[in-house]
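Below, each chain spelled out in residue letters.
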Amino acid sequence: MRKRLQVNPVACAGHGACAELLPELITLDEWGYPIVAGQPVPHGLVREARRAVAGCPALALHLTRVA
Amino acid sequence: MTDSLTLPHPMTAAAGLPLRPGLPRLLPDAGTVPVDLRAHLAAHGPLRPAGGRGGLQREVAAAGLTGRGGAAFPVARKLAAAAQTRPAPVVAGNGAEGEPASNKDRSLLWISPHLVLDGLQLAAWAAGSGTAVLYVPRSRRLYDRLAGAIAERATAGMDAASVELVTAPDRFLAGEESALASRLAGRPALPAHRPVRGLPRLAPGRAALVQNVETLAHLALIARYGAAWFREAGTEAEPGTMLATVQLADGRTSVAEVPLGAGLAGLLGLDDGPGPAGAGAAGPCVPSAFGPVQAVLVGGYHGAWLPAAQAAALPLADAALRPLGAAVGAGVLSALPADRCGLAETARVARYLALESAGQCGPCFNGLPRIAAAVAHLAGPHPDPRARADLDRWAGLVTGRGACHHPDGSVRFIRSALRVFAAEAGLHEQGRCSGTDPRPFLPVPAAAPATEEDWS
Amino acid sequence: MTGITGSTALWYASRATGVVTLLLLTTVVVLGILVNRQGRLPGLPGFAVTGLHRNVSLLAVAFLAIHVVTAIADPYVTIGLAAAVLPFASPYKPFWLGLGAISLDLVAALILTSLARARMSRRAWRAIHWLGYAAWPLAVLHSIGSSTDTHSGLVLGVLAVCVLATLAALAWRLSHAAREVPRAQRAAAALSDMSPRKAGLR
């Protein structure tokens, strides 16, 4: 079951916790907003991805099933 | 607050456009005279779709009707999705027309409201919904006319679904589907994040079937005359007619009903191929009955510029336009005269697009204003060489990172301008400009939003 | 000094855990303000502020539970189980303990909604979370009125530190909020922020 990371750009306030917790897949643009890699999350990083999702103060990061 | 309803003159046989048999369909033969209920019933008869809901669904699918609001989504698929949604969705006719260069929805609502209202009833019936909403621009005169039409139909007992009139704020994004849904739910008309494709939601468990008002008008005619009739105009892949808002090179705007696939040259009064109109910064200018044209903006402010010589050879059809980075969209066409600076026009529109950002998504409200400032810089003399590089970087950063397509569409428009007006940019680097007329050409509203009320 | 009997042990435990709970609640409020304003704690990454806010709140709940249970179990004064959540239901000092009960109810609402956050609307969650600004002063008033501990000595010092810290954090938040750009003006602000080098609009 492949998972993908998605940001809710309306809820995102640019806290940046996700990029701290998952730098392999998330970087911040020059304004502090997350750029999320579009490919599915590699199996070895799923646990870190869940931590990043939980760590967002705005609950703006989601792990969804790849359609 | 002044009434913002200004209607362009509908154009039927003007500008050398050959009169096609069976046209017009949505607009009456006689100019701008609005069609009242009596005239409407006399022209089209009562609405009695044969074959039940399944029959209507089949006719719409066979007709190949696609949305006329810009996205061209197949209507049959949307109706089918709505019919399967429980509870039944609210059905909304979208006439907000936030695009400043577009005037066809306003004109249709003013002149042929009963076709739109028939279509709204059909959509509500197909979706199994008893509630319908007509989402309209903020104009007292239009509101009163539509309220009168709805009341007249209610007295005649024509409508099964109740119709509520809801006004849209005067924003570019007011007609975006999820913004419309927000407005119907009583919140400001701001786009929402849509993680799953499907009907937009007003609230958890409450969806909306949204169709452009022109689409509903076509639906009302297909229900009466059938799919085969609908397909008598247009092309095989893109059947039917559409309302196009056309701004000619002399600045005048009119609304014309044209078959899909009609030549842009005929719509804009362009002569075939470049002629003695000379060369402008966008390449060879094409003469027209209304002045020489250097470039054509296809699809409004989320559309794309095309050089005039190229546009003159193209039809109004996605099959021909998409490979060139353009699209039919909501049928908005503007013929830029040779004496204007294409970059200055683009900069004015880019600034408007930036200020119309909903301000919800960081990449959009940070990126679009910076991009607009960079375009403005390129539209001036001796621009800093870093402006172009910054613009490219920002354009890459905003694309696909908003909740709606505002950043994507704006970037498409601006990138097409940089391509088509590349020679103009070269002139500006040398401190020169090919534009001799400083007057604004493309319509851009003066007032920028500043408070929450401006979005409500 | 007489020895501490079983019952007085419960009474002391309740008072002690009450002080600790107040301290922890204050920490949670201050950390919450930091999270909201994207503030940082020196030496710690950003995600740690959020993590601390959440973990300390759970710790506060644990101490709150002990505080309430020991107070009810203690036979010295009659409080009754219901008084923990029903305001003013206690025979002993009904008003001051009632404030504590309200504060506990609000804290429970905050904790439960935050645990179920993914399942509720953003608007509803935020509205309930704002009640934290009511829960804290109620806890402070409850502390002052329920026991004379807070009127002198070390505990008064702790109370003063809690109040000062919260007021300072609030003042910091309000000063930032005054400068914050409302949503409807964010794009316009970014546009006018552009340096003159990049401006030059006709």
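Residues numbered from 1 in each chain as written. Chains lettered and ligands numbered in written order. Predicted model: local features only at pLDDT ≥ 70, side-chain atom pairs only at ≥ 80, totals over all residues.

## Description of the environment of Val133 of chain B
Residues and elements named next belong to chain B. With respect to the element layout, Val133 can be found in strand 3 (residues 131–136). Judged by the 23 C-beta atoms lying within 10 Å of it, Val133 falls in the buried class. Distance from Val133 to His405, taken between C-alpha atoms, is 24 Å for residues 272 residues apart in sequence. Once residues within four sequence positions are removed from consideration, Val133 is found in contact with Val90, Ala92, Glu164, Val166 and Leu184. (Helix = DSSP H or I, 4+ residues; strand = E, 2+ residues; numbered from the N terminus. Buried ≥ 20, exposed ≤ 12 C-beta atoms within 10 Å, placed from the backbone. Contact = placed C-beta atoms within 7 Å.)

## Structural notes on the interface of chain A and chain B
In this assembly, 12 residues from chain A lie in contact with 12 residues from chain B. For the side of chain A that touches chain B, the per-class residue count stands at 6 nonpolar, 5 polar and 1 charged. (Nonpolar A, V, L, I, M, F, W, Y, C, P; charged D, E, K, R; others polar.)

## A word on unusual backbone geometry
A cis amide bond, omega -5°, links Arg86 of chain B with the succeeding residue Pro87 of chain B. Its place among the elements puts Pro87 of chain B in the loop between helix 3 (75–83) and strand 2 (90–94). In this model, Gln38 of chain C sits at a positive phi of 55°, which is unusual for a non-glycine residue. Mapped onto the elements, Gln38 of chain C comes out in the loop between helix 1 (6–36) and helix 2 (46–73). Note on Gln38 of chain C: 16 C-beta atoms within 10 Å, which makes it partly exposed. Positive phi values are uncommon outside glycine, yet Phe88 of chain C reaches one of about 65°. Along the chain, Phe88 of chain C turns up in the loop between helix 2 and helix 3 (94–115). Phe88 of chain C sits in the partly exposed class, given 14 other C-beta atoms within 10 Å.

## Describing the confidence of the model for chain C
Residue and element names in this part refer to chain C. Looking at chain C as a whole, the pLDDT averages 89, with 93% of positions reaching at least 70. In this model residues 198–202 is a low-confidence stretch, pLDDT under 50, and it forms 14 contacts with partners more than four residues away in sequence or in other chains. Scored as a complex, the prediction yields pTM 0.93 and ipTM 0.96. (pLDDT = per-residue confidence, 0-100.)

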